[in-house]
Structure formats: C-alpha cells, structure tokens
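Architecture at a glance
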Amino acid sequence: MPNRRSMTGRRSLCMVVAGLVAGVVLLTACDPTAGDSLEPTSAAAPQSMLTNGDWMVAHGDSAGIVGREVELRGWVFDVADIPGGDDTAFLVWVDFDNDELPTAFVIEGAPPELEADAFVAVRGVVEGVEPHEYPDGREALVPRVRVTALTITDRLGIRPAVWVVDVGQTLTQHDIRVTLERIEFAAEETRLLFAVENRSDETISAIGTGVRVQRGDVEYRAVIPIGHGVPPPRGQVEAGAVERGWFQFPPLDRSGPPLVIVWDGARPDSPVQRFRPWQWVVDTAGGQQPEG
C-alpha cells in the first residue's frame, strides 16, 4: 500500500480502513435481503444538504445523519489507499481553525493531489460511521462520507475574499520597514498581510502575535494559533531580508469607521533603540488614503 499518510491520525485512519475492508467482506459473504419482497413505501420529503454551518450539531449525531447529502470544506490531515480496490480514505478537520469535527471521506480513483495538508471542498453522502481516536486519546464515532465531487485547493480557495483592500502603507523605524500590504475580508474570517524589511545590520524579531484591530470602542485580537494555510511571520528576519506573513481575525464588516491596526511585534532583539508600536489607520470603504 503506498505510504500517503501524515504522522497525525495514523492509528485513526487505520481504524477507518480496517472497518471499510471488514464491511466489504461481510457484504460479500451474505445478502440478508436476497429473496425478500419489498413493500412499496411513500417517498420521504427531501432533506436539506448539510454544510459546515450545520456540521457541529450533525457531527454529534453521526448515526442519525446516514443518508444525508453534504457539502463540506476542510483541511486534510491523513490519507491512505484502501487495500483490494480503487478507494482512498482521507480524514479531514472540518473545523480546521481548532482541529475539530474530524470526518472520514472515501473516494474512488483519488487524484494524486489529494495529500495531507490539502484543503478540500467535498460533496457526497453520509454512508456510515467510523471510530476515530483524537490526538489526546479520546475516541468517538465520526461520519463517513462517500465522495461524489471533490475540489482540491488552498486556504484562500476554501475561504475566498469577498472584498480586498490593497493598503500598501509602509512605516519605518530605525532601518526597519513594515508594510501593511492588504486586508482581505472573507465570510468567515478577516486576513491582514504584512511585509517586514530589515535594513539594519542585526537580526530582528517579527513575532506572529501582538496584532490588534480597533474599530470605535471595540478591539479585536488576532486569532492564535493562526489557522492552517495562513502562515504568520516566522519570527526572525535576518539583516537585509524581507519576511511576509498573515494575521487572522474574526470576520469583520468592511463598512463602518476606519480600522486602527496596531502591531508591537516587529523590533530588534537588542533593546538599544526605542520603538513605538506600528500603527495604521485604514478606511476600508475606500473613502480616504491609509495613514501611519
């Protein structure tokens, strides 16, 4: 069997694969409906398709949603081919900001791009439940979905921006230039992209924390840990180098008063120079130029 799995969740995915193989054997051995006559029944009312917004409740009733159609988005954390056929099983965090709501998917003829760390949009039907073991040892039954349509993309494809503000405002202190390049408003989050240019002769810090957004009397803090696929600055910027990174916030309305964006995490490692927090004022409605 090709080794396509990540280190995370291997034991859990082995449980899924073993359950699927055992189910095939049992179905092949006997057919309990053979020879039975089926009575006509009235058609049930169609049920709505389950989505990410429904999944927290639906996931807790895995056995009760068998047969339901789903349209889900998430982050793949384990992949394995199933012996004896063309099926591939893959495990997905549907709540990929918190590594929660694990869901098993099964697809026939998986594309080679289906690997751990991919983001996927999936349509399918819940065909059963599978045991899953969380990293902390908890065990639970999770839904197993037979895939009918699969799109493989990245984080920005899963949560596309519905409005983008190209700020491009650079501030400079003591040979360090920090640029707020853009703000992206998505339905489920807001993303800020920064670039840090180190023109000094020493390594500086660019810590992926300490960013806050103020709008009127309300203050928002960056989401920590930042979700998969939204890489923050890596923490250090060598002399002469440029480092880019994202910060993730809860969904914000692009309308309203200007955003005051403050970051105090980009500075030299040695405290020889006094730094003020970096601050930008951005009218996200586009009525005025950003200020620093």
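Residues numbered from 1 in each chain as written. Predicted model: local features only at pLDDT ≥ 70, side-chain atom pairs only at ≥ 80, totals over all residues. Heavy atoms only, no water.

Let's shift gears to the overall build of the protein. Of regular secondary structure, the protein possesses three helices and 17 strands. Looking at the protein as a whole, 42% of its 292 residues qualify as buried. A total of about 15,200 Å² of accessible surface is found on the protein, and carbon and sulfur atoms cover 52% of it. (Helix = DSSP H or I, 4+ residues; strand = E, 2+ residues; numbered from the N terminus. Buried < 20%, exposed > 50% of the residue type's maximum accessible area, 1.4 Å probe, protein only. Areas by Shrake-Rupley, 256 points an atom, 1.4 Å probe, with all protein chains shown as cover.)

Pairs of aromatic rings are described using the distance from one ring centre to the other and the angle between the two planes. By the definition in use, this model includes eight aromatic pairs. Relative to Trp 263, the ring of Phe 247 lies with its centre 5.2 Å away and its plane at 65 degrees, an arrangement referred to as edge-to-face. Of this pair, Phe 247 sits in strand E14 (residues 242–249) while Trp 263 is found in strand E15 (residues 259–263), placing the two residues 16 residues apart along the sequence. By the burial criterion, Phe 247 is buried, and Trp 263 matches it. (Phe/Tyr/Trp six-rings, centres within 6.5 Å; stacked < 30°, edge-to-face > 60°.)

A few words now on the nonpolar core. Among the nonpolar cores identified, the biggest contains 32 residues, and Val 178, Ile 183, Phe 194, Ile 261, Trp 263 and Trp 280 are the most heavily contacted of them. Looking at this core, the elements that each hand over two or more residues are strand E7 (161–173), strand E8 (176–186), strand E9 (190–198), strand E10 (204–206), strand E11 (211–215), E14, E15 and strand E17 (278–282). Tallying contributions element by element places E8 first for this core, with five residues. Residues Ile 65, Val 70, Phe 105 and Val 122 belong to the second largest nonpolar core, which totals 20 residues. (Core = buried A, V, L, I, M, F, W, Y, C linked by side-chain atoms within 4.5 Å.)

Glancing now at the confidence of the model for the protein. In the predicted model, the protein carries a mean pLDDT of 85, and 81% of its residues have values of at least 70. Taken together, the stretch residues 22–35 has pLDDT below 50 and engages in zero contacts with residues farther than four places along the chain or on a different chain. (pLDDT = per-residue confidence, 0-100. Contact = heavy atoms within 4.5 Å.)

Let us now look at the sheet that holds E8. The four strands are arranged E7-E8-E9-E14 in an open sheet whose pairing can be described as antiparallel. Among the strands making up the open sheet, the edge pair consists of E7 and E14. The mean angle between the axes of side-by-side strands here comes to 15 degrees, regardless of whether they run parallel or antiparallel. In this sheet, E9 lies alongside E8 in antiparallel orientation, the contact comprising nine bridges. If you follow Phe 185 over to E9, its bridge partner there is Thr 190. (Pairing = 2+ DSSP bridges. Axes fitted to C-alpha atoms, helices over the stretch in contact; angles between N-to-C directions.)

Here the focus is helix H2 (residues 52–59). Among the residues of H2, those classed as buried are Asn 52, Trp 55, Ala 58 and His 59. When H2 is viewed along its axis, its buried side chains cluster within an angular range of 95 degrees and face the same direction. Seen from the buried face of H2, the exposed residues on the opposite side, beyond 90 degrees, are Gly 53, Met 56 and Val 57. For H2, the secondary structure elements touched by its buried residues are strand E1 (50–51), strand E2 (69–81), strand E3 (87–95), strand E4 (100–108), strand E5 (119–133) and strand E6 (139–153). (Arc of directions from axis to C-beta.)

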